[in-house]
Amino acid sequence: SLVGSEMCIRDRYLGIGATHYFLGELDEALRYTMIGKEMTEKNNDLYGIILNNLSTFAYDKRDLGKSLQYDKDAITYLENSEVAKDTIALILNNLALSQEIIGDFDQSIKNLSKAIQYQEETIGITNEVIATSYYHLGGVHGNKAEYKKAIKYYLKSIDILSEVKRIGKTIN
């Protein structure tokens, strides 16, 4: 278990990794974040969040294999923790988009559906985030040539966004 200064050092490495990411320096972002990851206990919720960050970096480098694996590992860690389901839903969305890119449409649909379920439980149906998930679900069905389902989910997304606009509710 990390104590005091060790946690601070870990957090500094993670901060340096995030800063390099924002600068577009993906190799350095990966390098520093990996150091922070190695200093983090695997039974710690932060470990799952770090894996999600590594997935984002790998995705941006177009290393979809690593991105997929990091997301799967992050979900495994976080689903067995106290992390909010809306955080897991975000990672499921990211995983689903990578799966769509590589043509694994059925798994992408499964993960988007699970993300939507988690979002409905935590943030409710009237939210821009869930509308975006339905939009992506429509896109995957379109890629599978399931056009009626695609239209259904696109319309669902529009309905949610129209309601969001009507009540003036936006994401913070």
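The written sequence of each chain sets the order in which its residues are numbered from 1. Local features are withheld for residues below a pLDDT of 70 in this predicted model, meaning they are given only at 70 or higher, and side-chain atom pairs are given and counted only at 80 or more; totals for whole chains, interfaces and linings count all residues. Think of the side-chain values as coming from all heavy atoms in the structure, minus any hydrogens and water.

**Here's the deal with a nonpolar patch on the surface**
Consideration 1: Like charges within 9 Å and nonpolar side chains (Val, Leu, Ile, Met, Phe, Trp, Tyr) within 5 Å are joined into patches, using only residues over 30% in relative accessible area that form no salt bridge. Reported accessibility uses the Shrake-Rupley method at a 1.4 Å probe radius. Residues are deemed covered only where the shown protein chains occlude them. Here, a salt bridge means any Lys or Arg side-chain nitrogen found within 4 Å of an Asp or Glu carboxyl oxygen. Side chains of I151, L155 and I158 sit close together on the surface and give an oily, nonpolar patch of about 280 Å² of accessible area.
Consideration 2: Working definition: helices are DSSP H or I runs of at least four residues, strands are E runs of at least two. Numbering for both runs from the N terminus. Mapping I158 onto the fold places it in helix α8 (residues 147-167).

**Things to note about the side chain of N93**
Consideration 1: Topologically, N93 is positioned in helix α5 (residues 85-101).
Consideration 2: We call two residues in contact when some of their heavy atoms are within 4.5 Å. The residues touching N93, leaving out its near neighbours within four places in the chain, are L112, A115, Q119 and S133.

**What to know about the side chain of S133**
Consideration 1: Along the chain, S133 falls in helix α7 (residues 128-143).
Consideration 2: We call a residue buried when its accessible area falls under 20% of the maximum for its residue type, exposed when it is over 50%, and partly exposed in between, using a 1.4 Å probe and counting protein chains only. Judged by its relative accessible area of 1%, S133 falls in the buried class.
Consideration 3: Polar contact criterion, stated in full: a pair of N or O atoms within 3.5 Å, where within protein one must be able to donate a hydrogen and the other to accept it, and residues adjacent in sequence count only if both atoms are side-chain atoms. Separated by 3.0 Å, the side chains of S133 and N93 make a polar contact.
Consideration 4: Excluding anything up to four places from it in sequence, S133 contacts N93, L112, I116 and Q119.

**Thoughts on the packing of helix α2 (residues 26-38) against helix α3 (residues 45-60)**
Consideration 1: Helix axes are fitted only over the stretch in contact, all axes being lines through C-alpha atoms; the angle between N-to-C directions runs from 0 to 180 degrees. Here α2 crosses α3 at 160°, and the two axes come no closer than 10 Å. The angle between α2 and α3 falls in the class roughly antiparallel. Of the two elements, α2 crosses α3, and the hand of that crossing is left-handed. Residues L26, A29, L30, T33, M34, G36 and K37 of α2 form the contact with α3, whose participating residues are Y47, I50, L51, L54, F57 and D60.
Consideration 2: For this classification, Asp, Glu, Lys and Arg are treated as charged, while Ala, Val, Leu, Ile, Met, Phe, Trp, Tyr, Cys and Pro are nonpolar and the rest, including Gly, are polar. When the residues that make up the contact of α2 with α3 are grouped by side-chain class, the tally is 9 nonpolar, 2 polar and 2 charged. Working definition: roughly parallel below 35 degrees, roughly antiparallel above 145 degrees, roughly perpendicular at 65 to 115 degrees, and oblique for all remaining angles. A clockwise turn of the near helix away from the far one marks a right-handed crossing, whereas an anticlockwise turn of less than a right angle marks a left-handed crossing.

**Let's talk about the pattern of salt bridges**
Consideration 1: Overall, the coordinates contain 9 salt bridges when judged by the stated rule.
Consideration 2: Notably, a salt bridge pairs D106 with K144, separated by 2.4 Å at the nearest N-O pair. With D106 in helix α6 (residues 105-122) and K144 in the loop between α7 and α8, this residue pair connects regions lying 38 residues apart in the sequence.
Consideration 3: Judged by its relative accessible area of 52%, D106 is exposed.
Consideration 4: Here E146 makes a salt bridge to K144, at a shortest N to O gap of 3.3 Å.
Consideration 5: For E146, a relative accessible area of 23% corresponds to the partly exposed category.
Consideration 6: In this structure K144 comes out as partly exposed when scored by relative accessible area, which is 27%.

**A look at α5**
Consideration 1: In a helix, the anticipated span is given by 1.5 Å times the number of residues less one. The end-to-end C-alpha distance of α5, which contains 17 residues, comes to 24 Å, matching closely the 24 Å that a straight helix rising 1.5 Å per residue would cover.
Consideration 2: Those residues of α5 that fall on the buried side of the exposure criterion are I88, A89, I91, L92, N93, L95, A96, S98, Q99 and E100.
Consideration 3: On its buried face, α5 is in contact with α3, α4 (64-79), α6 and α7.
Consideration 4: With its phi angle positive at about 90°, G103 sits one or two positions after the end of α5.

Function cannot be read off these values alone, since they describe shape.
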